[in-house]
Every structure is written in structure tokens, then in C-alpha cells.
Amino acid sequence: MSLFDDITAGKDQALSELAATTDAAGLEAWRVKYLGTKGLSRQIMQRLKEAPSDQKPAAGKAANEFKNALQAAYDEAIKKVGATAAKGPVIDVTLPGRKPAIGREHPITQTINELIELFGRMGFSVAYGPEVEDERHNFEALNIPPSHPARDPLDNFYINPSVMLRSQTSTVQVRVMEQGPPPIRVIAPGRVYRPDTVDATHGVMFHQLEGLYVDEGVTMIDLRTCLDQFAKAYFGPQMTTRFRPGFFPFTEPSAEFDMSCPMCLGKGCPVCKQSGWIELGGCGMVDPNVFEAVGYDPQRYTGFAFGMGIERMVMGKHGIPDLRLLFENDVRFLHQF
Ligand SMILES: [Zn+2]
């Protein structure tokens, strides 16, 4: 077939295919096939050199007309499809928007932030320490000697014989005191780790809040007042607190501190096991041996320290019966708080 025949046949085929094309994707495929850089129009241009020299002007003219006709038909078709696209799909502006899912603070984080705010009003700043600790900060400087049962490898997560996951936030007391002289008034919230059997009130990881106040003339009355004010501010002004004798290696004297049960207000109920009291944590006056370990003069300075479990506070405040609920990451549960 001659070039002229190919042009005529190509034009007929291109226009009939274009007439059958109704959408933008089909139009684009058609454009590539006929007007693209490797399309039929370009192929015809390249074949012009085949034409005998006396026919070249006419062939060139035919090829140009072919290209222009296809381009004009394409431009027309794209206008029609564009007009249809502009009409269609209808957007209902009265429909409500799609609400993005916004996360929220975990109840443990909420509680830690509340405690930071509350103790901040009593002049406590916040200190943090590493969760991987050495034995000096976790035990020795806290007056816990190598023979003490708390150092049993079965009761701690040792990484090597002298490095471990901290078992208490009291480590931060030591780190803060090592950084400089009194006065010191800090709280240290954070995670601690112990290989306990997991049940409704125990986990292998939990959160503690440690408090430390060191200065000249700090007495147990300051400790008593601080914790009583805390209980009233956090759980309500009707709360009363009490101290019971206790023992911790790093405080002397030591006490367990309890708060009147928020459920029954001291009358006795299943939550407080009919005692009327809820145990909040341990506390005491900083042992002179701890001061000596960090280079403070125990003749000049006194101080108090306390520690409490944050999970217990969250559970008490919201009436959550099982600790494990807090760490299962079930958003249906967590979204309640
Ligand atoms: Zn009770």
C-alpha cells in the first residue's frame, strides 16, 4: 500500500476509535497511540522520505493534514469528556465530615502529669533517671548491702552481674544528690521492673513516684504534712492519712503511709478489705548512710523521702479492679479516661 493509502486508512480507523471513546483514560490511550512520540502520526512523518521525489510535496501535505485532523478531533473530544466530568460525581456538601481519630493520654500518663502539677505547687521539681541502672545506684548508695535479700538475682532483672533494670525509682534520689548540694526538692516518676508473677495487682513493669526533700532542719513533721496535703489535694479534702512503722534500708525511721478508703470513707468495704484504710506507699527520713554515700554531711542536713505506686493510684481513683487492663492497649477501655 502506498503512503497515501495508509494515511487514509489510518485516519478512518483513528476517528472511528475516537468516536467510541467516552472517558478520560480512553482518550489518553488514544492520544498516545496516534499523536504520541511513537504514535502513528509520527510514524507517517518518518515515512515521508520513502515517497518518490515528485510526490514528496503532496505526501508532506497529506501527512500534515492527517496530524492536524487527528489533533482537532482529539481537542474536540477532550472538551466533551471534560464537560461531562465537570458535571458529574455530585458532592453532597451537607454530609458530615470524616472525623480523624485523635489519640489521648494513657490514664497512667494523665496521673503522672496530675502528680507533677500537684507536687509542683508544693515546690517539687521533676527529675528523671535511666531505667537501666548499675548496682551502686539501685542498691549500694541506698544502704542495701550485698547480703540483702532485695538483691537476689531471682528478684531482679540483671543484664550482667552489675547492671540491671532498676527495681525502684529511689535510684533517682542518688543521681540527683550526686549532682549538687542541698536544698533539694524533687519528685521522680518512672517505670520500674521486677520479675513478679503477673496477676490483678502485680506486673513485671509498673510505675512509681519518688519524692525527696533535703535541707537543713527538715523533720518528720514536714513529711507527714506533705503527704497529708497530697492525699487531700488528690483524693479530696475529706481524706485522712496515717503512718504505720515500717522498714526500708534507705530511710530511718521508716513508715508505711495509708489514706482513708475513698470508697467507704473509713467505714470498711471490700476495696479496703474492711480496714477503712488504703496503703499508698512507703516513706521515712533519709538514712545518714545514704547522705554519706553521696558526700552530704549528715550532721548538717536532714531530709525525707517517699515512694508510691502510680498504678494503685489510678486503680483507686477510677475503680479499676485489674492492673492488666491498663496495659492491654484496648482503646475501648482506655478511651473511658
Ligand atoms: Zn473501704
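It should be noted that the structure appears before, not after, this text.
Residues numbered from 1 in each chain as written. Predicted model: local features only at pLDDT ≥ 70, side-chain atom pairs only at ≥ 80, totals over all residues. Heavy atoms only, no water.

J.: Before we go on, may I ask you to explain the overall build of the chain in this structure?
T.: Across its full length, the chain holds eleven helices and ten strands. Reported as C-alpha extents along the three principal axes, the dimensions of the chain are approximately 120 × 45 × 35 Å. In the chain, buried positions account for 41% of the 337 residues. Within the chain, contacts between residues at least 6 apart in sequence are counted, and of these 64% link residues at least 24 apart. About 18700 Å² of surface is accessible on the chain, with carbon and sulfur atoms providing 56% of the total. Between the mean site of the 35 positive side-chain charges and the mean site of the 41 negative ones, the chain shows a separation of 10 Å. (Helix = DSSP H or I, 4+ residues; strand = E, 2+ residues; numbered from the N terminus. Buried < 20%, exposed > 50% of the residue type's maximum accessible area, 1.4 Å probe, protein only. Contact = heavy atoms within 4.5 Å. Areas by Shrake-Rupley, 256 points an atom, 1.4 Å probe, with all protein chains shown as cover. Lys, Arg positive; Asp, Glu negative; His and termini not counted. Charge placed at Lys NZ, Arg CZ, Asp CG, Glu CD.)

J.: I would appreciate a short explanation of the pattern of salt bridges in the present structure.
T.: Pairing is possible between side chains that carry opposite charge, provided their charged atoms lie close to one another. According to the stated counting rule, one finds 19 salt bridges in the structure shown. E114 is the partner of K317 in a salt bridge, and the nearest nitrogen-oxygen pair spans 3.7 Å. Of this pair, K317 sits in helix 10 (residues 310-318) while E114 sits in helix 5 (residues 107-121), placing them 203 residues apart in sequence. On the basis of relative accessibility, which here comes to 34%, the residue E114 falls in the partly exposed class. Residue E133 is joined to R175 by a salt bridge in which the shortest nitrogen-to-oxygen separation is 2.6 Å. Here E133 is found in strand 2 (residues 132-134), whereas its partner R175 is found in helix 7 (residues 170-179), with 42 residues between them in sequence. (Salt bridge = Lys/Arg side-chain N within 4 Å of Asp/Glu carboxyl O.)

J.: Please explain the pairing of strand 10 (residues 302-309) as it appears in this structure.
T.: In summary, the side chains of a regular strand alternate between the two faces of the sheet. Counted residue by residue, strand 10 has six buried out of eight residues, so it is predominantly covered. Pairing between strand 9 (residues 277-286) and strand 10: five bridges, direction antiparallel. Within strand 10, the residue paired with C283 across the bridge is F306. (Pairing = 2+ DSSP bridges.)

J.: What is the right way to read the coordination of the zinc ion from this model?
T.: Only C261 (SG), C264 (SG), C269 (SG) and C272 (SG) from the protein coordinate the zinc ion, and they sit 2.2 to 2.3 Å from it. Between the four donor atoms coordinating the zinc ion, the angles at the centre fall across 105 to 114°, so the site counts as tetrahedral. Counting residues between consecutive donors of the zinc ion along the chain gives the motif C-x2-C-x4-C-x2-C. As far as burial versus exposure is concerned, C264 and C269 are alike and both buried. (Donors = N, O, S within 2.8 Å, 3.2 Å for Na, K, Ca; no water. Tetrahedral: all angles 85-135°; square planar, octahedral: opposite > 155°, others 65-115°.)

J.: I would appreciate a short explanation of the sheet that holds strand 2 in the present structure.
T.: By way of backbone hydrogen bonds, the strands of a sheet pair with one another, either parallel or antiparallel. The three strands lie next to each other as 2-4-3, forming an open sheet whose pairing is antiparallel. The open sheet terminates on both sides in strands that have one partner only, identified here as strand 2 and strand 3 (158-160). Across the sheet, the axes of successive neighbouring strands diverge by a mean angle of 35°, strand direction being ignored. (Axes fitted to C-alpha atoms, helices over the stretch in contact; angles between N-to-C directions.)

J.: When you look at the environment of G129 in this model, what are you seeing that I'm missing?
T.: On the secondary structure map, G129 appears in the loop between strand 1 (125-126) and strand 2. You can call G129 partly exposed: its relative accessible area is 22%. The spacing of G129 and A150 is 21 residues in sequence and 20 Å in space, taken between C-alpha atoms. Ignoring any residue separated from it by four or fewer positions in sequence, one finds G129 in contact with R166 and V172.

J.: What should I look at first to understand helix 10 in this one?
T.: Think of an α-helix as 3.6 residues a turn; residues three or four steps apart then line up on the same face. Here helix 10 has its buried residues at I310, E311, M313, V314 and M315. Of the surrounding secondary structure, the elements contacted by the buried residues of helix 10 are helix 5, strand 6 (205-215), helix 8 (220-235) and strand 10. Looking one or two residues past helix 10, G319 carries a phi angle of roughly 65°, positive in sign.

J.: Help me out: how do you make sense of the nonpolar core in this one?
T.: Burial of nonpolar side chains together is a common tendency in soluble globular proteins. One finds F119, L209, F230, F304, F306 and M308 to be the most contacted residues of the largest nonpolar core, which totals 37 residues. Residue contributions to this core peak at seven residues, all from helix 8. Residues in contact with F306, not counting those within four places in the same chain, are F119, I187, L209, E210, G211, L223, C226, L227, F257, G282 and C283. Ranked by size, the runner-up nonpolar core spans 23 residues in total, among them L142, M164, I184 and F291. (Core = buried A, V, L, I, M, F, W, Y, C linked by side-chain atoms within 4.5 Å.)

J.: Help me understand the packing of aromatic side chains in this model?
T.: Applying the stated criterion across every chain yields a total of 15 aromatic pairs. What links up through ring pairs into an aromatic cluster is the set F119, F124, Y213, F230, Y234, F235, F304 and F306. It is R185 that lies over the ring of Y213; its NZ or CZ is 4.5 Å from the centre. In this structure, R224 is placed above the aromatic ring of F243, and the distance from its NZ or CZ to the ring centre is 4.9 Å. (Phe/Tyr/Trp six-rings, centres within 6.5 Å; stacked < 30°, edge-to-face > 60°. Lys NZ or Arg CZ within 6 Å of the ring centre and 35° of its normal.)

J.: Can you help me understand the packing of helix 1 (residues 3-19) against helix 2 (residues 24-35) in this one?
T.: When two helices pack together, you describe them by how their axes are tilted relative to each other and by the distance separating the axes. One can describe the packing of helix 1 onto helix 2 by two numbers: an axis separation of 10 Å at closest approach and a directional angle of 170°. Between helix 1 and helix 2, the interaxial angle falls into the category roughly antiparallel. Where helix 1 abuts helix 2, its residues G10, Q13, A14, E17 and L18 lie against L27, W30, K33 and Y34. Each residue belonging to the contact of helix 1 with helix 2 can be placed in one class, and the counts come to five nonpolar, two polar and two charged. (Parallel < 35°, antiparallel > 145°, perpendicular 65-115°, else oblique. Nonpolar A, V, L, I, M, F, W, Y, C, P; charged D, E, K, R; others polar.)

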